[in-house]
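Analysis of the macromolecular model
Chain by chain, the residues:
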Amino acid sequence: MAKLPYVAAIDAGIHQEMQRDESVLYFGQNMATTENHDFLSKYGADRVRVTPISETAEIGMAIGAAMAGMRPVVELYLSEFMLVAMDQVINEAPRFRYMSGGQVKVPLVLRAGYGFACGWAGQHTGSLTSLYMGVPGLKVVAPTTPADAKGLMASAIRDDNPVVYMLHYHLLLEEGEVPDGEYLVPFGEAAIRREGSDVTIVATGWMVNKALNAAATLAEQGISAEVIDPRTVAPLDLDTILASVAKTGRMVVVDQAPRHQTVGGLIAADVVEHGFESLRKPILQVNARDTTVPYSEPLETWVIPDEQRIIDAVRKVTG
Amino acid sequence: MNDLAPETSELLPHYAELWRIRWFESHVQRLAARGEIAGFPHLSTGQEAVAVGVCAQLQQSDTVYTSHRGHGHVLAKGADLEATFAEILGKQSGLCQGRGGSMHLVDAEQGVLGATGVVGGNLPLAAGSAWAAQALGRDDISVVFFGDGATGAGVFHETLNLAALWSLPVLFVCENNGVAEFTSREEHSNVNFVSAFAEPYAIANQTIDGNFLPTVLAGARAAVAEVRGGNGPYLLECMTYRLAGHYVGDSQQYRSKEALAEMREKCPIERLGRHLVEQGVQQQRLDRLRDEQQSAVEAAVERARKAAPTDPASVMDYVYRSPDFYAIEG
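Now for a quick tour of the structure. Just so it is clear, the model here is predicted, and its values are computed rather than measured.

1. Overview of the interface of chain A and chain B
The interface of chain A with chain B comprises 46 residues on the first partner and 45 residues on the second. For the pair chain A and chain B, the summed buried surface comes to about 3700 Å²; carbon and sulfur atoms form 67% of the total. Linking chain A with chain B are zero salt bridges, by the criterion used here. Scanning the region where chain A abuts chain B turns up twelve residue pairs in polar contact (both at pLDDT 80 or more). Elements represented by at least two residues in the side of chain A that touches chain B include exactly β2 (24–28), β3 (48–50), α3 (55–67), α4 (86–92), α5 (96–99), α9 (238–248) and α10 (263–275) of chain A. Broken down by element, the residue count for the side of chain A that touches chain B peaks at nine residues, all from α3 of chain A. Classifying every residue of the side of chain A that touches chain B gives 22 nonpolar, 14 polar and ten charged.

What follows is the structure, encoded as structure tokens:
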């Protein structure tokens, strides 16, 4: 075990796989800068390359390289930059294995940051995770701890399907214990970050931290909240969530995205369908307000969910 | 026939192959019109010489990417007639087990890795496979067939830039048929020849008559030699004509009867036939090649039609699923 920041743990996951498997490629914009020098010097220019600002070609080339036997990881910086390449992300990468009747596979990882709400304004702050969640053939992971950042990256690289790896910008410098040596975190296994008995809070990304802070405050008020971090949203570990709701009878979903673009809303729909009998109160959603994220700090703070809004929602369903 | 020049004899199998594609697509058209084929298949009728001429210069392990108009490329790269037709009919015995259809034909064994229905979407994929070959030190090249319409997409230019920058072994084959979907090239661009786009990136290029097979064979031979020789990408522009509409059922009101008649004069099969007769091949021999292909295609089509349909129980094959999640359903 070593204490590592989340961002270093992501790189540790990539190093782990690049060392054991020569078919792993790593490329993207700014790969020649000092922060990535380690990759270039260790694995060489055949496997590590810098690209121009050409997201469509970058992701398309990753698909073609994957179909020809490689395992590319594309560094995209911001998940919004994937929007310029949506044909490749949604209509090419996840389709070929299926459309070809399993003749080809497309193992690739799209490494993309999201949710950077600290004055980055309208086009760099989005939480677009749910956009990818509904595409058959795409896997979507959203690590929240340094250990998961490493283990989920390694699993993503070994997966035979295209994986969108959503790293949260507000977690980059958060430190945590990361297992040394080969470490993998399986997909489709949620983590119970805090056990509780009165209410189930399901949150992703940075919102897990906010939910844990809210749960600590609620405990002082005599309310016991269970906090679940799905870790991978596609595949989704619905069993763990349903088991929790069966215990607590109440659920609050917390998501940094605006109301109709949330992972939480989709999870809530599944829980209503498969766990309705367990629910003693309606599920409440805590989301970003339905607007583009504003630049000005007081406005931005009002738009992004905070601990108080989570506490208010929990008190409402437990009251 | 022993007095034929070797270069003439070599053309005969290619003549047969042109007919093979022509007959194949004539059945696609016939059965689509009868409602036996779903969707809107896109025919390459009139463009067969590009597929045959380019694929003749490739080795099996070379990767090929094609588009919504890809029947000819897939067959020319070696795909089985019956399995290809069965795929277009949506049968379990199809190349892709009925999951891709006319627009998404894949035959990985023959190197046909992908066919995309989104114009221009296949270009970076070919460059990616070329990178894989380069990184692995293989002598395979990657070939992508696309129409002039694809040059309107930004990804065309992104891909040319990267392919040149990284000196990738990729051959861009543009079938410039002068019409993108339903609109003529003049209404899309001031750039008349697609090869002009290769110039600023210093990509080797040539514009050739894509309807005369000996010319395509020679152009492709030179292009493939350049790419396989490690000299980076190459753009081969083949001027051709789409005798069919954009898809089966397109009434082609954007084309005059005169223009269509003029195009038919330039049909690659008729032109090669006339050339072969001039070189001393007897017309009867050509007719026999044509008829042999007609029978072979017809037999394959009939076998494909009789093949078993797909089974809905297999619908989740080849897409990942989370067992826990789906176990809850139903």
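2. What about the side chain of D62 of chain B?
Residue and element names in this part refer to chain B. Along the chain, D62 falls in the loop between α3 (48–55) and β1 (63–66). Here D62 falls in the buried class, since its relative accessible area comes to 0%. Within the structure, D62 has its side chain in polar contact with the backbone nitrogen of I141 (distance 2.9 Å). Those residues within four positions of D62 in sequence are excluded, and the remaining contacts are K77, Q110, G111, D139, D140, I141 and R228.

3. Description of the sheet that holds strand β9 (residues 191–194) of chain A
All names here are of chain A. Within the open sheet, the five strands sit side by side as β9-β11-β10-β13-β14. Their pairing is mixed. Edge positions in the open sheet fall to β9 and β14 (284–288), since each of these has one partner strand only. Each adjacent strand pair in this sheet contributes to an overall mean axis angle of 25°, direction not counted. Two strands pair when backbone bridges link them, and β9 and strand β11 (residues 225–229) are joined in this way by three bridges, in the antiparallel orientation. Counterpart to A191 in the pairing with β11 is D229.

Criteria and thresholds
- Residues numbered from 1 in each chain as written.
- Chains lettered and ligands numbered in written order.
- Predicted model: local features only at pLDDT ≥ 70, side-chain atom pairs only at ≥ 80, totals over all residues.
- Heavy atoms only, no water.
- Contact = heavy atoms within 4.5 Å.
- Buried area = accessible area lost by both parts, 1.4 Å probe.
- Salt bridge = Lys/Arg side-chain N within 4 Å of Asp/Glu carboxyl O.
- Polar contact = N/O pair within 3.5 Å; in protein donor to acceptor, adjacent residues only side chain to side chain.
- Helix = DSSP H or I, 4+ residues; strand = E, 2+ residues; numbered from the N terminus.
- Nonpolar A, V, L, I, M, F, W, Y, C, P; charged D, E, K, R; others polar.
- Buried < 20%, exposed > 50% of the residue type's maximum accessible area, 1.4 Å probe, protein only.
- Pairing = 2+ DSSP bridges.
- Axes fitted to C-alpha atoms, helices over the stretch in contact; angles between N-to-C directions.

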